[in-house]
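Each chain, letter by letter, is given below.
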Amino acid sequence: MAAAATTGMTAAERQKRLELTELLNAKYQWIDRTWDVVFWITAIFIVGGAADITKLLFAGDWDFWTDWKDPQWWPVVTAFATIIIPSALQWIQWVAWRFPTGATYTCTCLFLASWIGRFFQWHIAETYPLNFIWPISTVPAAIILDWILMKTRSFVVTSVVGGVVWAVLVWAFNYIPLAPYLQPAVFMHHILTVSDVQGIAYIRSQTPEYMRHIERGALRSFLGETQYVSLVFGGSLAILGYWIGQLIGRYLAVWPIGKYIKTY
Amino acid sequence: MAGSIAMHEVENPTGWWNGWRTLFIGCAALLACNLFLWIWDYRFAFSVGLDSSTHAFTTHYRALFWGELISLGAFTGIWYGWLVRTGRALEGQPISPSEEVRRIAVLWGIIGATSLSLYIEASFWPNWDGAWHQTMVRDTALTPTHIPMFYFFFPLSIILALGAYLYGQYRIPAVYAWKKGFPWSFFLLISAAVLEFVQVAFNEWGHSLWLSEEFFSVPFHWPFVTYGWLASGMFAVWGETIIRLLAIEKEARTVEIHTQTAAAGGA
């Protein structure tokens, strides 16, 4: 089986594999599991922080409130903002260890960072109810993105197929917790959604009324087809976001290893 | 004296309370500072932090602002002074493999603390800042959420990243000696933190024109994201020190083989 797997390899690739096997099987005096533990745990902070700041500042508002999780903008900006850092980590983990786990690792870090921020800062400190300000989860979509990389072993295919799948799945998996807030409710003689009522009841004094998203069917939203148009456009932007992430992983995280700005 | 210390074989350099001690102490100190600042804001943000023209705001928040800057200045002076003074004494001295491994573990400890600091400034506080500015009227750049975030954890990340480089430059010369040039890894990591501070100025200038937050994902907030991306240089620091660790192991094995061969020949 191993021989069959190596048949398609060039001599250089075989030599590289031999070197890696030697590294793996060597008996080390000082390299032990503590390095792994320290690396994986301390990396959680920078990965979670980078993923969360990217989400907060590119798509934050659509993630902060249930009434901003609309069919028009939410699938577009969220898909783009949340795929960037998972893509970078996919590259790092695939190149370093052939682990198809970069996206899942990142999204788990993001999930923890988002919930810590949302619970302590928005809920405890600012007293917003959690059912108004819960963050989305990208973990299920990340598992699928990693699976696509593992099966295809191609970043191009993962970006094209995975980008579109990402946009659809991020929306689909988070539609489940969102659905209860899209039920109709009569409020001051108007039919609104429950999330609209939340948006009216909990004051955001610095967010003017004209910024508030109100669910409605209108010609502007293609008579209800907006959701699907948005998902396709979100998928296109996710492909772009994936390659921004690749640039970060390849040229900011991996390329600089052992390189110096020479002083003359 | 310094030479004898440098060549001293360190027993178990990666013991949790040996090489990794810096990581635990650094992270514990950061978490303690963060807890203090969070409790301070939780206690005073709503009671005295809403109106910057009051005397109470000055005593609680401007005092905190100056206290942070003075503390950071004193910490930086003492730490950098110690790093450079003791580092110069070590320059040119031979280093035993186990001591070099311990130093790499210490560097990873400082980098781990930098990682935590970057998380606190990039995720923990921006969440409260977003919640605060979308619900409160901003009448100063020194808002209760800005003071811990912009004026403590932002400069602290620069201090930690630069301190990590100073540590490496003097104590891990095989990777970070000055004559090798300035490493791209640290250039990206430090520039991430410095650019973030530049962006604070741009952000506050922007808010002087548009006081209302309206929504958080506004274009003049976008440049904050770039620091999170540039901080990927941290992975390069990890990568190049791992390569050095493998080289140390290889060198140690070669020495061991030579010693065994010589012993066998002598016998």
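Structure shown above.
Remember, predicted model here, so these are calculated numbers, not experimental data. (Residues numbered from 1 in each chain as written. Chains lettered and ligands numbered in written order. Predicted model: local features only at pLDDT ≥ 70, side-chain atom pairs only at ≥ 80, totals over all residues.)

Right, let's talk about the overall build of chain A for a bit. On a plain count of helices and strands, chain A comes out with 10 helices and three strands. Ordered by position from the N terminus, the helices and strands of chain A form the series α-α-α-α-α-α-α-α-β-β-α-α-β. For chain A, the C-alpha atoms occupy an extent of roughly 75 × 45 × 40 Å along the three principal directions. Put simply, chain A has 264 residues, and 42% of those count as buried. Nonlocal contacts in chain A, meaning residues at least 24 apart in sequence, comprise 68% of its contacts between residues at least 6 apart. (Helix = DSSP H or I, 4+ residues; strand = E, 2+ residues; numbered from the N terminus. Buried ≥ 20, exposed ≤ 12 C-beta atoms within 10 Å, placed from the backbone. Contact = placed C-beta atoms within 7 Å.)

This part takes up the overall build of chain B. Each helix and strand counted, chain B has nine helices and one strand in total. Overall, chain B shows an N-to-C arrangement of helices and strands of α-α-α-α-α-α-β-α-α-α. With the C-alpha coordinates aligned to their principal axes, the bounding extent of chain B is approximately 85 × 35 × 30 Å. The proportion of buried residues among the 267 residues of chain B is 42%. A fraction of 85% describes how many contacts in chain B between residues 6 or more apart in sequence connect residues 24 or more apart.

To continue, consider the nonpolar core. Most often, soluble globular proteins keep nonpolar side chains buried together rather than apart. If you look at the biggest cluster of nonpolar residues, it comprises 123 residues, and the most contacted ones within it are Ile46(A), Ala50(A), Tyr119(B), Leu189(B) and Ala231(B). Ranked by the residues each element gives to this core, the list is headed by helix 4 (residues 97-133) of chain B, at 19 residues. Once residues within four sequence positions are removed from consideration, Ala50(A) is found in contact with Ile85(A), Ala122(B), Gly228(B), Trp229(B) and Ala231(B). (Core = buried A, V, L, I, M, F, W, Y, C linked by C-beta atoms within 7 Å.)

Residue and element names in this part refer to chain A. Two strands pair when backbone bridges link them, and strand 1 (residues 184-187) and strand 2 (residues 190-193) are joined in this way by four bridges, in the antiparallel orientation. Each bridged residue has a counterpart across the sheet, and for Ala 185 the counterpart in strand 2 is Leu 192. Following strand 1, the chain reverses through two residues before pairing antiparallel with strand 2; Met 188 in that reversal takes a positive phi of roughly 50°. (Pairing = 2+ DSSP bridges.)

Looking now at the packing of helix 5 (residues 146-171) of chain B against helix 7 (residues 184-209) of chain B. Residues and elements named next belong to chain B. The interhelical angle for the contact between helix 5 and helix 7, taken along N-to-C directions, is 160°, at an axis separation of 9 Å. Taken together, the axes of helix 5 and helix 7 are roughly antiparallel relative to one another. Handedness of the helix 5/helix 7 crossing: left-handed. Between helix 5 and helix 7, the contacting residues are Phe 150, Phe 154, Pro 155, Ser 157, Ile 158, Ala 161, Leu 162 and Tyr 165 on the first element and Phe 186, Leu 189, Ile 190, Ala 193, Val 194, Glu 196, Phe 197 and Val 200 on the second. Its residues assigned to classes, the contact of helix 5 with helix 7 comprises 14 nonpolar, one polar and one charged. (Axes fitted to C-alpha atoms, helices over the stretch in contact; angles between N-to-C directions. Parallel < 35°, antiparallel > 145°, perpendicular 65-115°, else oblique. Left-handed = near helix turned anticlockwise from the far one by under 90°. Nonpolar A, V, L, I, M, F, W, Y, C, P; charged D, E, K, R; others polar.)

The subject of this paragraph is the packing of helix 4 (residues 74-97) of chain A against helix 8 (residues 155-178) of chain A. All names here are of chain A. Packing of helix 4 against helix 8 brings their axes to within 9 Å, and their N-to-C directions diverge by 120°. When the interaxial angle is binned, helix 4 and helix 8 end up oblique. Along this stretch, helix 4 crosses helix 8, giving a crossing that reads as right-handed. Where helix 4 abuts helix 8, its residues Pro 75, Thr 78, Ala 79, Thr 82 and Ile 83 lie against Gly 163, Trp 166, Ala 167, Val 170 and Trp 171. Here the residues of the contact of helix 4 with helix 8 sort into seven nonpolar, three polar and no charged.

Moving on, we get to the interface of chain B and chain A. Facing the 61 residues of chain B at the interface are 54 residues of chain A. The set of elements that each furnish at least two residues to the side of chain B that touches chain A consists of helix 2 (21-48), helix 4, strand 1 (182-183), helix 7, helix 8 (223-230) and helix 9 (233-266) of chain B. Top contributing element to the side of chain B that touches chain A by residue count: helix 4 of chain B, with 17 residues. Among the residues making up the side of chain B that touches chain A, the classes are represented as 37 nonpolar, 19 polar and five charged. Sheet topology note: the strand 3 (residues 260-261) of chain A/strand 1 of chain B ladder contains two bridges and is antiparallel. What sits directly across from Tyr260(A), in strand 1 of chain B, is Pro183(B).

Here the focus is the environment of Asn174(A). With respect to the element layout, Asn174(A) can be found in helix 8. With 38 residues separating them in the primary sequence, Asn174(A) and Ile136(A) have C-alpha atoms 6.1 Å apart.

Let's shift gears to helix 7 of chain B. Its 26 residues give helix 7 of chain B an end-to-end C-alpha distance of 37 Å, which sits within 8% of 38 Å, the value for a rise of 1.5 Å per residue. For helix 7 of chain B, the full list of buried residues reads Trp184(B), Ser185(B), Phe186(B), Leu188(B), Leu189(B), Ile190(B), Ala192(B), Ala193(B), Glu196(B) and Gln199(B). (Expected span 1.5 Å × (residues − 1).)

Relative to the helices and strands, Phe220(B) resides in the loop between helix 7 and helix 8. Beyond its immediate sequence surroundings of up to four residues, Phe220(B) is in contact with Phe202(B), Asn203(B) and Gly206(B).

Honestly, that's just the spatial picture; any functional story needs more than this.
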